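Here's the letter readout for the chains.
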Amino acid sequence: MAMFFLEPFGITDAGRVRQNNEDALLVGEGKDETLFAVADGIGGFEAGEVASSIAIEVLRRMEPGDSFEEALEEANRRIRAAARGDERFAGMGTTVVAVRFGQRDGRPVAEVAHVGDSRAYLMRGSSLRPVTEDHSLVAELVRSGDLSRAEAAEHPQRNLITRALGAEETVNVDTAVLPVEAGDRVVLCSDGLSDMVPEKRISEILDRHREDPETPARRLLQAALEAGGTDNVTVVVVDVRERREEERERGGTREMPPVAPPPAGRRRSPRPSARDKRRSSLSSRLLGRLLRGVIGLVAVAVLLTPAYLWGSSRYFLDVEGGEVVVHRGLPYEVGGVQLNEEWRRTGLRLSEVRRPYREPITERRLYTRDEVERVLRDLER
């Protein structure tokens, strides 16, 4: 029987705009050495960093046979408890994507779990495909056929997620079990990579650098930074290799243990049947019609999510009476109710703002607080 081992490498960077790094990662340092994860914290200042660290710490303590769903439900409880216990952490949450490797029925498999818009990709040969679907507003529009993937990549609200750890009392975790084979490469990343670097470019970098996982991980990070690096960037690359006799004592690798079948009653993501696909297609069409008419209501739902309050963590610039004004919240109005409030008047007239800075104002682009503070300093200069 062929023996398989893993060669992983992970890297994270604050990027070129943000001062602190709210991403966290796990690269086989936990009780399960075949478990890898990326978490992207939400909340601004240090709160997002706390939430992502809590999620990674729970995953670090997972035993090989433990349930992904139960672990992430525990992380959700801990994040909410921390937010209730300290007002500095109010509104914090985190995305998470994780993968662990093992064997089932004598064949190597990868089990993937995710919440939010951090992603997992599988590269086999020269073909790269996503194995997770973002829990975000624009992803719903893509699934319903109202947006193409290319349009979604440029959508101004592409970072509005609809699911996160810490957002509600319970969390719905998507999981899937994938067969893997020697030569496969699994990639986990935060949206600091996927938002900045097109999938075609990601695929090219992964395909060009096959010698080890470190080189493509560093090249992907560099590509995100060169594209602007507007967010924290985290990348984990895991190569699945077949073990040769002379490699048995090789360091830095992880052998793939057996993976138990999922316990009865646990949620999984099996391959859908034809009837399920028809239902999914019908549901997507209905969802598309709904979303076209009530984008604002979806925004309200996101806004009111307890630990992912975009209304308390997002800011945008607008023009009122010719003056540039900063608002806190979302640039929507539903039923005559504004989903934002005035946060700061700048005293600057739009006519005084240089042209390169006007587009984000007229587009009402969303920022975190530290990002909008930086924009205001630039405008004042």
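Throughout, a residue's number is its position along its own chain's written sequence, starting from 1. Only residues with pLDDT of 70 or above have their local features reported here, since the model is predicted, and side-chain atom pairs are shown and tallied only from 80 upward, although totals for entire chains, interfaces and linings are computed over all residues. Water and hydrogen atoms play no part in the side-chain values, which are based on all heavy atoms of the structure.

- The protein chain carries the name Protein serine/threonine phosphatases in an unreviewed UniProt entry, which gives Rubrobacter xylanophilus as its organism.

1. Considering the overall build of the protein chain
- Put simply, DSSP marks the helices as runs of H or I at least four residues long and the strands as runs of E at least two long, and each gets a number from the N terminus on. For the protein chain, the helix and strand inventory stands at 12 helices and 14 strands.
- Buried residues in the protein chain amount to 50% of all 381 residues.
- We call two residues contacting when some pair of their heavy atoms lies within 4.5 Å. Considering only residue pairs separated by 6 or more positions, the protein chain has 71% of its internal contacts joining residues 24 or more positions apart.
- Just so you have it, the protein chain exposes about 18,400 Å², and 47% of that area is on carbon and sulfur atoms. Note on classification: 1.4 Å probe, protein chains only; a residue is buried when its accessible area is under 20% of the maximum for its type, exposed when over 50%, partly exposed between these limits. Note on areas: Shrake-Rupley with a 1.4 Å probe; residue coverage comes only from the protein chains shown.

2. Quick look at unusual backbone geometry
- Its identity as a non-glycine residue notwithstanding, D105 has a phi of 55 degrees, on the positive side.
- Along the chain, D105 falls in the loop between β4 (93-104) and β5 (107-115).
- Residue D105 is classed as exposed on the basis of its relative accessible area of 77%.

3. Re the packing of helix α1 (residues 47-60) against helix α2 (residues 68-85)
- In the contact formed by α1 and α2, the axes pass within 9 Å of each other and the chain directions differ by 145 degrees. The element α1 and its partner α2 pack so that their crossing is right-handed. Residues A51, I54, A55, V58 and L59 of α1 form the contact with α2, whose own contacting residues are F68, A71, L72, E74, A75, R78, I79 and A82.
- A breakdown of the residues in the contact of α1 with α2 according to their chemical character gives 11 nonpolar, no polar and two charged. Geometry is summarised by axes, namely lines fitted to C-alpha atoms with helices restricted to the contacting stretch, and by angles between N-to-C directions that run from 0 to 180 degrees. With the far helix as reference, a near helix turned anticlockwise by less than a right angle produces a left-handed crossing, and one turned clockwise produces a right-handed crossing. Amino acids outside the nonpolar list (Ala, Val, Leu, Ile, Met, Phe, Trp, Tyr, Cys, Pro) and the charged list (Asp, Glu, Lys, Arg) are all regarded as polar, and Gly is one of them.

4. Looking at the nonpolar core
- If you look at the biggest cluster of nonpolar residues, it comprises 28 residues, and the most contacted ones within it are L59, M92 and L165.
- Contributions of two or more residues to this core are made by β2 (23-27), β3 (35-42), α1, α2, β4 and β5.
- The dominant element in this core, judged by the number of residues it contributes, is α1, at seven residues.
- Beyond its immediate chain neighbours, meaning those up to four positions away, L59 contacts L26, L35, A37, F68, A71, L72, V96 and A98. Among buried residues, those of type Ala, Val, Leu, Ile, Met, Phe, Trp, Tyr and Cys that are joined through side-chain atoms within 4.5 Å constitute a nonpolar core.

5. Side note on the sheet that holds β5
- Reading across from one edge, β2-β3-β4-β5-β8 is the order of the five strands in this open sheet, with antiparallel pairing throughout. The strands lining the two open edges of the sheet, one partner per strand, are β2 and β8 (174-179). Ignoring strand direction, the axes of neighbouring strands in this sheet form an average angle of 10 degrees.
- Contacting β2, β3 and β4, α1 runs over the sheet at an angle of about 160 degrees to β3.
- Contacting β3, β4, β5 and β8, α2 runs over the sheet at an angle of about 160 degrees to β4. Any two strands with at least two DSSP bridges between them are considered paired.

6. Details of the confidence of the model for the protein chain
- Scored by pLDDT, the protein chain has a mean of 82; 78% of the residues are at 70 or more.
- Note on residues 247-252: pLDDT under 50 across the span, and six contacts to partners over four residues away in sequence or across chains.
- Low pLDDT, under 50, characterises residues 293-311; the predicted model gives this stretch 49 contacts beyond four residues in sequence or across chains. The predictor attaches a confidence to each residue, and that confidence, scored 0 to 100, is pLDDT.

7. Side note on helix α12 (residues 369-380)
- Each helix should span, by expectation, one fewer than its residue count multiplied by 1.5 Å. For α12, which comprises 12 residues, the first-to-last C-alpha distance of 16 Å matches the rise-based estimate of 16 Å (1.5 Å per residue) to within 8%.
- Residues E371, V372, R374, V375, L376 and L379 constitute the buried set of α12.

8. Some details on the packing of helix α6 (residues 199-208) against helix α7 (residues 214-226)
- Contact geometry for α6 and α7: axes closest at 9 Å, N-to-C directions at 150 degrees. Accordingly, the angle class assigned to the pair α6 and α7 is roughly antiparallel. Viewed along their axes, α6 and α7 form a crossing whose handedness is right-handed. Here α6 contributes I202, I205 and L206 to the contact with α7, which in turn contributes P216, R219, L220 and A223.
- Residue composition of the contact of α6 with α7, grouped by class: six nonpolar, no polar and one charged. Throughout, the term roughly parallel applies to angles under 35 degrees, roughly antiparallel to angles over 145, roughly perpendicular to angles from 65 to 115, and oblique to all others.

9. Here's the deal with the pattern of salt bridges
- A carboxyl oxygen of Asp or Glu within 4 Å of a side-chain nitrogen of Lys or Arg is what we treat as a salt bridge. Per the stated rule, a full pass over the model turns up 25 salt bridges.
- Salt-bridge contacts for D174 lead to R163; the nearest nitrogen and oxygen are separated by 3.2 Å. Of this pair, D174 sits in strand β8 while R163 is found in the loop between α4 (149-154) and β8, placing the two residues 11 residues apart along the sequence.
- Residue class for R163 comes out partly exposed when judged on its relative accessible area of 22%.
- When the shortest N-O distance is used, the salt bridge between D239 and R241 registers 3.1 Å.

10. Some points on the pairing of β2
- Burial analysis of β2 places four of its five residues in the buried class, the great majority of the element.
- Bridge analysis of β2 against β3 gives five bridges, and the strand direction is antiparallel. Opposite A24, over in β3, you have A39 as the bridge partner.

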